[in-house]
Amino acid sequence: VQLVESGGGLVQPGGSLRLSCAASGFTFNNYHMSWYRQAPGKERELVAGVSSAGGSTNYADSVKGRFTISRDNAKNTVYLQMNSLKSEDTAVYYCNAGYKRPLYDYWGQGTQVTVSS
């Protein structure tokens, strides 16, 4: 099982980034996919989630209206489009795949997002 995140980096406040998470080694379209983040000195928190077929999404209040999660089951990839970025969005972003938790619960290695002028 592999979850490989990409797309992180340094961006100015108000800017945009698109994170990608490429999955392999499991039946992707059975899994609920999520993005989490962890800022220095803070606990990991849920940012956004999308159902296995992509028909249902949920977001943390802090990112509603700015972030969009989506998935392409043909490409085994989940995305997080992040707009209007703020300094408080700075964190390591992790991709998560879950199915009948806690039986099947996988994590990527994380990608750093830094929002700074």
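Above: the structure in question.
Now for a quick tour of the structure. (Residues numbered from 1 in each chain as written. Predicted model: local features only at pLDDT ≥ 70, side-chain atom pairs only at ≥ 80, totals over all residues. Heavy atoms only, no water.)

**Comments concerning the sheet that holds strand β3 (residues 17-24)**
And then number 1: The four strands are arranged β1-β3-β8-β7 in an open sheet whose pairing can be described as antiparallel. Looking at the sheet topology across the chains shown, the edges are occupied by β1 (2-6) and β7 (67-72). With direction set aside, neighbouring strand axes in the sheet form an average angle of 15°.
And then number 2: Summarising the sheet, β3 and strand β8 (residues 77-82) pair through six bridges and their orientation is antiparallel. Across the sheet, the residue bridging to L17 is M82, located in β8. (Pairing = 2+ DSSP bridges. Helix = DSSP H or I, 4+ residues; strand = E, 2+ residues; numbered from the N terminus. Axes fitted to C-alpha atoms, helices over the stretch in contact; angles between N-to-C directions.)

**With respect to the side chain of N96**
And then number 1: As for its placement among the helices and strands, N96 is situated in strand β9 (residues 91-99).
And then number 2: The class of N96 is buried, set by a relative accessible area of 0%.
And then number 3: At a separation of 2.4 Å, a polar atom in the side chain of N96 contacts the side chain of R101.
And then number 4: Setting aside chain neighbours within four positions, we find N96 in contact with L3, H32, M33, S34, Y36, R101, D105, Y106 and W107. (Buried < 20%, exposed > 50% of the residue type's maximum accessible area, 1.4 Å probe, protein only. Polar contact = N/O pair within 3.5 Å; in protein donor to acceptor, adjacent residues only side chain to side chain. Contact = heavy atoms within 4.5 Å.)

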